[in-house]
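# What the coordinates show
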Amino acid sequence: MYHYRNVVNGLTKFVDHELTPKMTGLNKWLFGTGAGIVASKGEHVFHALKDIPLLHTLELIEEENINVTCIYKELLRQAEKGPIHIDIPMIGTVTLDKTDVEKMYRYIIED
């Protein structure tokens, strides 16, 4: 279990170090700006989601902690089946694969 702030900080580092450097021009600024706004609202988002009963039933959230390892293991299993392509309006397509999942996890647990 990792505190939600570690998760937000780790995901922010992943975006800053792995995603935005691959972008150029306006896309880089737009994506970075959007990601920064989401990160700054991380606490609000967590508190809005933490009371969803299913997340507690699945033992994904406990108080202010997120079961990152459980999510990572299953996400990695899915990523091993092949990459995903996410279409982001005004940005374009972002492709994520197994190595991205591993990097995200490292950024979170090393924070």
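First, a word on scope: everything that follows refers to the structure included in this document.

Cut-offs used in this document
- Residues numbered from 1 in each chain as written.
- Predicted model: local features only at pLDDT ≥ 70, side-chain atom pairs only at ≥ 80, totals over all residues.
- Heavy atoms only, no water.
- Pairing = 2+ DSSP bridges.
- Helix = DSSP H or I, 4+ residues; strand = E, 2+ residues; numbered from the N terminus.
- Expected span 1.5 Å × (residues − 1).
- Buried < 20%, exposed > 50% of the residue type's maximum accessible area, 1.4 Å probe, protein only.
- Arc of directions from axis to C-beta.
- Axes fitted to C-alpha atoms, helices over the stretch in contact; angles between N-to-C directions.
- Parallel < 35°, antiparallel > 145°, perpendicular 65-115°, else oblique.
- Left-handed = near helix turned anticlockwise from the far one by under 90°.
- Contact = heavy atoms within 4.5 Å.
- Nonpolar A, V, L, I, M, F, W, Y, C, P; charged D, E, K, R; others polar.
- 1 Å grid on protein atoms, 1.4 Å probe; cavity = no way out; pocket = protein on both sides within 12 Å on 5 of 7 lines; lining within 4 Å.
- Points joined across faces, edges and corners; volume = space filled by probe spheres on them.

## Brief notes about the pairing of strand S5 (residues 92–96)
Two elements, strand S4 (residues 84–88) and S5, share five bridges in a ladder whose sense is antiparallel. Bridge pairing in S5 links Asp87 to Thr93.

## As for helix H1 (residues 4–19)
Taking 1.5 Å of rise per residue, 16 residues should cover 22 Å, and H1 covers 21 Å from first to last C-alpha, within 8% of that figure. Residues Tyr4, Val7, Gly10, Phe14, Val15, Glu18 and Leu19 constitute the buried set of H1. The buried residues of H1 all sit within an arc of 140 degrees when viewed along its axis, so they share a single face.

## Some thoughts on the packing of H1 against helix H6 (residues 98–109)
Two quantities define a packed helix pair, namely the angle between the helix axes and the distance between the axes. The contact between H1 and H6 brings their axes to 7 Å, and the two run at 130 degrees. Comparing the axis directions of H1 and H6 gives the class oblique. Where H1 crosses over H6, the handedness of that crossing is right-handed. Residue-level inspection shows Asn6, Val7, Gly10, Leu11, Lys13, Phe14, His17 and Glu18 of H1 in contact with H6, the latter providing Asp100, Lys103, Met104, Tyr107 and Ile108. Considered class by class, the residues forming the contact of H1 with H6 number six nonpolar, three polar and four charged.

## What to know about the layout of surface pockets
If you add up the space inside the largest pocket, you get close to 850 Å³. Val7, Leu11, Ile66, Met104 and Ile108 are the residues nearest the centre of the largest pocket, which is lined by 32 residues in total. Of all the secondary-structure elements, those providing two or more residues to the lining of the largest pocket are H1, helix H2 (25–40), helix H3 (42–49), helix H5 (68–79) and H6. Here the lining of the largest pocket is composed, by residue class, of 27 nonpolar, four polar and one charged. Put simply, the second largest pocket is a space of about 270 Å³. Surrounding the second largest pocket, 14 residues form its lining, Val15, Leu19, Phe31, Ile86 and Ile88 being those nearest its centre. Those elements that place two or more of their residues in the lining of the second largest pocket are H1, H2, S4 and S5. Looking at the lining of the second largest pocket residue by residue, the class counts come to 13 nonpolar, one polar and no charged.

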